[in-house]
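A look at the structure
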Amino acid sequence: MLNELYTELDKLVEKHQVYKVETIGDAYMVVGGAPSRVPAPLAAERVALFALEAVNFVRKFRTKDGNQIFIRAGMASGPTVGGVVGRSMPRYCFFGDTVNFASRMESTSKKMKIQVADITYRLLQDAPNASFVMTKRVEGDIVGVQVKGKGHQTTYWVERAGPRAWDSYVNDNPDDAKKDIETPIISAKLSKENYMETAAKEDMNYTSEEIYDAMSSQDWERLGHASSDLVAATDDSYSLGFRACALLEHHLLSVLHERDPNSEMSLSVKIQLNQFVSEVSETYGNAKFHNWAHANHVTTSMNKLLTVLQEGGEELVPLNSFSLVFAALVHDAGHTGLSNKILKDIDHPLSKKFADGIPIAEKNSINLALDILFRDNFLALRNAILPGTLDKIEFARTLFQSILVTDIATPDRVKLSIDRYKACEDMKQDPDAGLCPIADQIGDLFDAVGLDESVKDDHPDEFRVTSSGLKRCVRNEHLMLLSDVGHLLQSWENFIKWNFRLFKEIHECHRKKLCDNPRETWVQGQVAFFDKYIIPLAERCRTFFPEEFSESLISNAMNNLKLWTIFGVQATNLMALGVRNDEREDTVLMELYGLPHDYLAKGNKKTN
């Protein structure tokens, strides 16, 4: 029984990056800040998370006879002496007062409880990644506990933990122990700086699933323009981050449930998912258009498209849906605000990283995202997403397919994506292998997810170009293409907002003498883009979506084109003037939003 229990605890040791010191009888000892030194709050956090998950595991654990067992846990923090002792059976051991104190915290703890000393309590309050609910130990009129060799000590119970970025303010009120903070609690309209104060005054707390539901139920045309604080458009990085986390968490939970209907997402995975999103957000710079806010708009659009497909009767594959939402979030990671052409023209360092014909910005985004995901501190998240070889193949394939295709400034790449679509429409035999969009990327695909060439021999069917595989590829590509330019197929407000931001980004390149003044060709350029790319894309998407939604995509695109044909010159002049005078964006946007107001009002009157 102990062997089975300790085997599971050993897995948690690896998962939480703590060090197993020794087991004596039925005692199991770990340390958080040695042999590899880490800051004290992080060391305390790792041990506390290990203890919480150990207690949760034991709560469900049964012996072969069906009996339940119980454990107790204790933690202390402070200096220790560590080293290898002995000759016949040398062991790495720890000595000192802190070791004895931790032992006393365990021996005076209670069944299925985690008792921590005062200094550990304070360190956990500063934990970098997790927020802990801790309550002061009070029994009757006695606060704390009598500790041998230490006298009376104020101690605390560790009750629960949740991701740091989503936490709400927690104090010593015992009622807080009843709150389930393993589910993220956030305030959608508030930044991190003022959330704590305001959340106490307003009933603005939502779970991640409530955020997902609100974001998924938005109208496609008005994404981000609803009155609800849960979904209203924002440039606040913190708000955007927890919305992205909510979408990813929902789709990852669907992946886990498909594998095991009784599975739950562990606290470690939630915390690491939050950390991952935070680190991805930091790769997005200050580009006017290709930034963190746009990545979130694309991600929200992708999630909405998947919702439409599901509501239309398509049985979604959870890992595919997660991979597409993931791809949407990271598809512009590390974007410099410079086009691939400019990157080549100026001999930018990024242009030297990849072979000719490889889309520079897009491949760089894939590399950045996977470099982050495969860091050691995302082991639990990575194992949740990619537990097996086939999962890795499917995830990487979807990621490469959907991100590389967003290089729509390269005519040959656009033509190939259309050729793949046409081949699927007229499929009479297995397709030409030359249609595979990632044929020249297979080696990089393997490396990116920790596979080697032998996987082709082990799973040859995964690398054949088949009609069914090409259809999945074309679907993935069109979902991403549609999400990436979704603003052009939504409301006038969404279209003109992102159009202005793109104008500003390109004008910034012009200011640096990297390209011509966009004002000179902006009006006709948008007309041509609608005619030659956007409307044909919307028409192709009839293949994938229910008729009503497909027709709305085309109608929205046609409506924006019509309004642009009428007001494009005025809009471009307003944009150029706003850039020249360095006007506030919201001031310019209000003017741009209002351009078609009278025209639309007259149209409504005629209709009535």
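Attention here is on the structure that accompanies the text. (Residues numbered from 1 in each chain as written. Predicted model: local features only at pLDDT ≥ 70, side-chain atom pairs only at ≥ 80, totals over all residues. Heavy atoms only, no water.)

1. Quick notes on the packing of helix α6 (residues 208-216) against helix α7 (residues 237-259)
Threshold: Lines fitted to C-alpha atoms define the axes here, with helix axes fitted over just the stretch in contact, and angles between the N-to-C directions of these axes take values from 0 to 180 degrees. Counting from the N terminus, the helices are DSSP H or I runs at least four residues long and the strands are E runs at least two residues long. Relative orientations are named as follows: roughly parallel for angles under 35 degrees, roughly antiparallel for angles over 145 degrees, roughly perpendicular for angles from 65 to 115 degrees, and oblique for any other angle. Should any heavy atoms of two residues lie within 4.5 Å, those residues are considered in contact. Charged means Asp, Glu, Lys or Arg here, nonpolar means Ala, Val, Leu, Ile, Met, Phe, Trp, Tyr, Cys or Pro, and polar covers whatever is left, Gly included.
It is the contact of α6 with α7, at a shortest axis distance of 8 Å, that shows an interaxial angle of 95°. Between α6 and α7, the angle falls in the class roughly perpendicular. Every residue of α7 that contacts α6 at S208, E209, I211, Y212 and M215 is listed here: F242, R243, A246, L247, E249, H250 and H251. Its residues assigned to classes, the contact of α6 with α7 shows 6 nonpolar, 3 polar and 3 charged.

2. So, the environment of V145
Tracing the backbone shows V145 in strand β10 (residues 145-147). Along the sequence, V145 and Y156 sit 11 residues apart, while their C-alpha atoms lie 9.8 Å from each other. Apart from residues lying up to four places away in sequence, V145 is in contact with T108, Q115, R137, G151, H152, Q153 and T155.

3. Description of the sheet that holds strand β6 (residues 114-117)
The line we're drawing: Two strands pair under a simple rule: DSSP has to find at least two bridges between them.
Read across the sheet, 4 strands follow the order β3-β6-β12-β7 without closing on themselves; strand pairing throughout is mixed. Each edge of the open sheet carries a strand with a single partner, namely β3 (73-75) and β7 (130-136). With direction set aside, neighbouring strand axes in the sheet form an average angle of 40°. As judged from the 7 bridges shared by β7 and strand β12 (residues 155-163), these two strands associate in the antiparallel manner. Counterpart to S131 in the pairing with β12 is G162. Relative to the sheet, helix α3 (residues 97-107) contacts β3, β6 and β12, its axis offset from that of β3 by approximately 145°.

4. Re empty space enclosed by the protein
Put simply, the rule reads: Here a cavity denotes grid points, spaced 1 Å and computed from the protein atoms alone, that fit a 1.4 Å probe unable to get out, and a pocket denotes an open set having protein on both sides within 12 Å along at least 5 of 7 lines; residues with an atom within 4 Å of a point are the lining. Grid points are joined across faces, edges and corners, and a volume is the space filled by probe spheres set on the points.
Within this structure, the stated rule accounts for 2 cavities of 30 Å³ or more. By volume, the largest cavity amounts to about 240 Å³. Lining the largest cavity are 22 residues, and of these G224, A233, R243, H297 and T300 lie nearest its centre. When contributions to the lining of the largest cavity are tallied by element, the ones reaching two or more residues are α7, α9 (292-311) and α19 (492-511). Looking at the lining of the largest cavity, the element that brings in the most residues is α9, giving 5 residues. Taken together, the residues that form the lining of the largest cavity break down as 10 nonpolar, 9 polar and 3 charged.

5. Structural notes on the nonpolar core
The cut-off we apply is this: Nonpolar cores are built from buried Ala, Val, Leu, Ile, Met, Phe, Trp, Tyr and Cys residues. Side-chain atoms within 4.5 Å join them into one set. Any residue under 20% of the maximum accessible area for its type is buried, any over 50% is exposed, and the rest in between are partly exposed; the area is computed with a 1.4 Å probe on protein chains only.
F326, F395, F545, W564 and L592 are the most contacted members of the largest nonpolar core, which has 124 residues in total. Looking at this core element by element, the count peaks at 12 residues for helix α21 (residues 547-580). With residues up to four places along the chain from it excluded, the contact list for W564 reads W492, F495, I496, N499, W522, V523, Q526, V527, A571, T572 and M575. Formed by 37 residues, the second largest nonpolar core is a distinct cluster that contains L9, V55, V116 and F132.

6. Some points on the environment of S402
Quick note on the threshold: Whenever a nitrogen or oxygen atom comes within 3.5 Å of another N or O atom, the pair is scored as a polar contact, on the condition that within protein one atom can donate a hydrogen and the other can accept it, and that pairs from neighbouring residues in sequence are kept only if both atoms are in side chains.
Counting through the fold element by element, S402 comes out in helix α14 (residues 389-404). Sequence spacing of S402 and G450 is 48 residues, and the spatial spacing of their C-alpha atoms is 20 Å. If we ignore the near neighbours within four places in the chain, the residues touching S402 are L324, A327, N476 and M480. Side-chain polar atoms of S402 contact the backbone oxygen of T398, separated by 2.6 Å.

7. Describing the packing of aromatic side chains
Rules: Stacked, tilted and edge-to-face are the three classes applied to pairs of Phe, Tyr and Trp rings, where Trp contributes its six-membered ring and a pair requires centres within 6.5 Å; stacked means planes under 30 degrees apart, edge-to-face means over 60, and tilted covers the rest.
Applying the stated rule across the entire model yields 21 aromatic pairs. Look at F545 and F549: their rings are 5.2 Å apart centre to centre, the planes differ by 55°, and that puts the pair in the tilted class. When sorted by exposure, F545 lands in the same class as F549, which is buried. For the pair F567 and Y599, a centre-to-centre distance of 6.0 Å together with 75° between the ring planes defines the contact as edge-to-face. Residue F567 is located in helix α21, and its partner Y599 is located in helix α23 (residues 597-607); the two are separated by 32 residues in the primary sequence. Classification of F567 by relative accessible area gives buried; the value is 9%. We classify Y599 as partly exposed; its relative accessible area is 32%.

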